[in-house]
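Reading the structure
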Amino acid sequence: MANNQDLMEAGRTAGAYGVRGWVRVVPHARDGEFLFEVDTWWLLPYPRKPGVAPKRLDVKELKAHGKEFIAKFEGVDQKEAADALKGSLLVDRNDLPELEEGDYYDDDLLGLTVINQEGVVLGKVCGVADNGAQDLLEVQPEDEKAMSFYIPMVENYVIEIDFEDECVKVDWSADWN
């Protein structure tokens, strides 16, 4: 089994597709094409239960289907078996294609501190979303009771992503949240 620390969430299942065991897959990244490079995925079932380990899924076939994908897994040949695969899809980072200089996976941003130009810490990155026009950085303020907010990931707002200093520098006012 892959080391859990090497697994990153790549998408989720969205039910059966047809009656022959195909599963609808919704990738997290706007460009989920990297999933075609990975033959082994891991399923973390819904609802989450403590101590439940991800289940290995061997990909037999993967096809693009609109903005989503449909996948056929080894041993999943009926609609009922496909419907039972509800959860988050994980991939082993070691199986992913090597990135070019300056590129990163959305998962790499999680936990980075978000700081504005005045040096004010706005919170930590807790997710990356897509609104159809651009990616959005989801930021959880330091006050855990405060609601998270989104910053568009465009060069007008995201000035620098600094993995060495573990921060994202933004042009964003603390009172815009």
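Before any of the text, the structure's been laid out above.
Okay, so let's go over this structure.

It is worth spelling out the sheet that holds strand β6 (residues 87-92) at this point. Strand order in the closed barrel formed by 6 strands is β1-β2-β5-β4-β3-β6, and the pairing between neighbours is antiparallel. Neighbour-to-neighbour, the strand axes of this sheet turn through a mean angle of 45°, independent of strand direction. Bridging between strand β2 (residues 22-27) and strand β5 (residues 68-73) involves 4 bridges; their strand directions are antiparallel. If you follow Trp22 over to β5, its bridge partner there is Lys72.

On to the packing of aromatic side chains. Within this structure, the stated rule accounts for 6 aromatic pairs. Cluster of aromatic residues (ring-pair linked, three or more members): Tyr157, Trp172 and Trp176.

Moving on to the state of the cysteines. Following the criterion strictly, the structure yields 0 disulfides and no others. The thiol of Cys126 is unpaired, and the distance to the nearest cysteine sulfur, on Cys167, comes to 17 Å.

Looking at where Asp92 falls in the secondary structure, it is placed in strand β6. Separated by 2.9 Å, the side chain of Asp92 and the backbone nitrogen of Asn94 make a polar contact.

This part is about the environment of Thr40. Along the chain, Thr40 falls in strand β3 (residues 40-45). Residue contacts for Thr40: discarding those within four places in its chain leaves Arg56, Leu57, Asp58 and Asp95.

Let us now look at the side chain of Thr113. Among the structural elements, Thr113 can be located in strand β7 (residues 113-116). A polar side-chain atom of Thr113 sits 3.0 Å from a polar atom in the side chain of Lys124. Apart from the residues lying within four places of it in its own chain, the contact partners of Thr113 are Val121, Gly123, Lys124, Glu166, Cys167 and Val168.

Moving on to the nonpolar core. The tendency in soluble globular proteins is for nonpolar side chains to be buried side by side. Formed by 23 residues in total, the largest nonpolar core has its most connected members in Phe34, Leu35, Trp41, Phe73 and Val91. Once residues lying within four places of it in the same chain are set aside, the contact partners of Trp41 are Val25, Leu35, Lys55, Arg56, Leu57, Val59, Leu62, Ala71, Phe73, Leu89, Leu90 and Val91. Listed in part, the 14 residues of the second largest apolar core include Leu122, Val125, Ile151 and Trp172.

By the definition in use, this model includes 8 salt bridges. Between Arg24 and Glu68 there is a salt bridge, with the nearest N and O atoms lying 3.8 Å from each other. Residue Arg24 is found in strand β2, and its partner Glu68 is found in strand β5; the two are separated by 44 residues along the sequence. By relative accessible area, Glu68 is classed as partly exposed at 25%. Asp162 serves as the salt-bridge partner of Lys169, at 3.9 Å between the closest nitrogen and oxygen. Under the relative-accessibility criterion, Lys169 is labelled partly exposed at 30%. Bridged by salt links that share partners, the residues Glu160, Asp162 and Lys169 form one connected network.

With that settled, the discussion passes to the pairing of β3. For β3, the tally of buried residues reaches 5 of 6 residues, placing the bulk of the element in the interior. Sheet analysis places β3 next to strand β4 (residues 55-65), joined by 4 bridges and oriented antiparallel. Across the sheet, the residue bridging to Leu43 is Lys55, located in β4. Inspection of the sheet shows β3 paired to β6 by 5 bridges, in the antiparallel sense. When the bridges of β6 are listed, Leu44 appears paired with Ser88.

Rules of the game
- Each chain has its residues counted from 1, running along the sequence as written.
- Where totals are concerned, whole chains, interfaces and linings use all residues; where local detail is concerned, this predicted model gives features only for residues with pLDDT of at least 70, and gives and counts side-chain atom pairs only at 80 or more.
- Only heavy atoms go into the side-chain values, all of them from the structure, while hydrogens and water stay out.
- In this description, strands pair whenever DSSP reports at least two bridges between them.
- A run of DSSP states H or I qualifies as a helix once it reaches four residues; a run of E qualifies as a strand once it reaches two. Both are numbered from the N-terminal end.
- The convention used is that axes are lines fitted to C-alpha atoms, helices contributing only their stretch in contact, and that angles between N-to-C directions extend from 0 to 180 degrees.
- In summary, the pairing rule links any two rings of Phe, Tyr or Trp, Trp by its six-membered ring, whose centres are within 6.5 Å, and it sorts them by plane angle into stacked for under 30 degrees, edge-to-face for over 60 and tilted for everything else.
- The disulfide criterion used throughout: a pair of cysteine sulfur atoms within 2.5 Å.
- Pairs of N or O atoms within 3.5 Å make up the polar contacts considered here, provided that, within protein, one atom can donate a hydrogen while the other can accept it, and that residues adjacent in sequence are counted only when both atoms are side-chain atoms.
- In this analysis, two residues are considered to be in contact whenever any of their non-hydrogen atoms come within 4.5 Å of each other.
- Remark: nonpolar core denotes a set of buried residues (Ala, Val, Leu, Ile, Met, Phe, Trp, Tyr, Cys) joined through side-chain atoms within 4.5 Å.
- Exposure categories follow from relative accessible area, calculated using a 1.4 Å probe and restricted to protein chains: below 20% of the type maximum is buried, above 50% is exposed, and the middle band is partly exposed.
- A side-chain nitrogen of Lys or Arg and a carboxyl oxygen of Asp or Glu constitute a salt bridge if their distance falls within 4 Å.

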